[in-house]
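In case you want the letters, here they are:
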Amino acid sequence: MACNCGGGTPRTVVVYQLTLPDGTVRRYVTYQEAEAANRRAGFTGVITTVAQ
């Protein structure tokens with residue numbers, strides 16, 4: 001029987017990046033985390049989706 005030990009297509013990981021006006025960039029696993037951080041920053045940041 002053949003081994004299924006990897007070597008396949010790597011999975012794409014999506015993270016949510018919060019960029020604040022001062023140039024600070026933070027990445028979060030969920031959109032809710034990024035949104036909460038943006039709320040704490042006074043809704044001044046921009047949330048984008050990043051595939052890694």
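In what follows, the structure referred to is the one given above.
This write-up is about the structure you can find in this document.

So, how was this worked out
- Residues numbered from 1 in each chain as written.
- Predicted model: local features only at pLDDT ≥ 70, side-chain atom pairs only at ≥ 80, totals over all residues.
- Heavy atoms only, no water.
- Buried < 20%, exposed > 50% of the residue type's maximum accessible area, 1.4 Å probe, protein only.
- Helix = DSSP H or I, 4+ residues; strand = E, 2+ residues; numbered from the N terminus.
- Arc of directions from axis to C-beta.
- Contact = heavy atoms within 4.5 Å.

## Side note on helix α1 (residues 31-40)
Here's step 1: Along α1, the positions that sit buried rather than exposed are Ala34, Ala37 and Asn38. In an axial view of α1, the angular spread of the buried residues amounts to 100°, which keeps them on one side of the axis. Facing away from the buried side of α1, by more than 90 degrees, are the exposed residues Gln32 and Arg40.
Here's step 2: Those residues of α1 that are buried are in contact with β1 (14-19), β2 (25-28) and β3 (46-51).
Here's step 3: The first or second residue beyond α1 is Gly42, which carries a positive phi of 80°.

## Re unusual backbone geometry
Leave glycine aside and you will find that most residues have negative phi; peptide bonds, for their part, are mostly trans.
Here's step 1: One non-glycine residue, Phe43, adopts positive backbone phi at about 60°.
Here's step 2: Considering the arrangement of structural elements, one finds Phe43 in the loop between α1 and β3.

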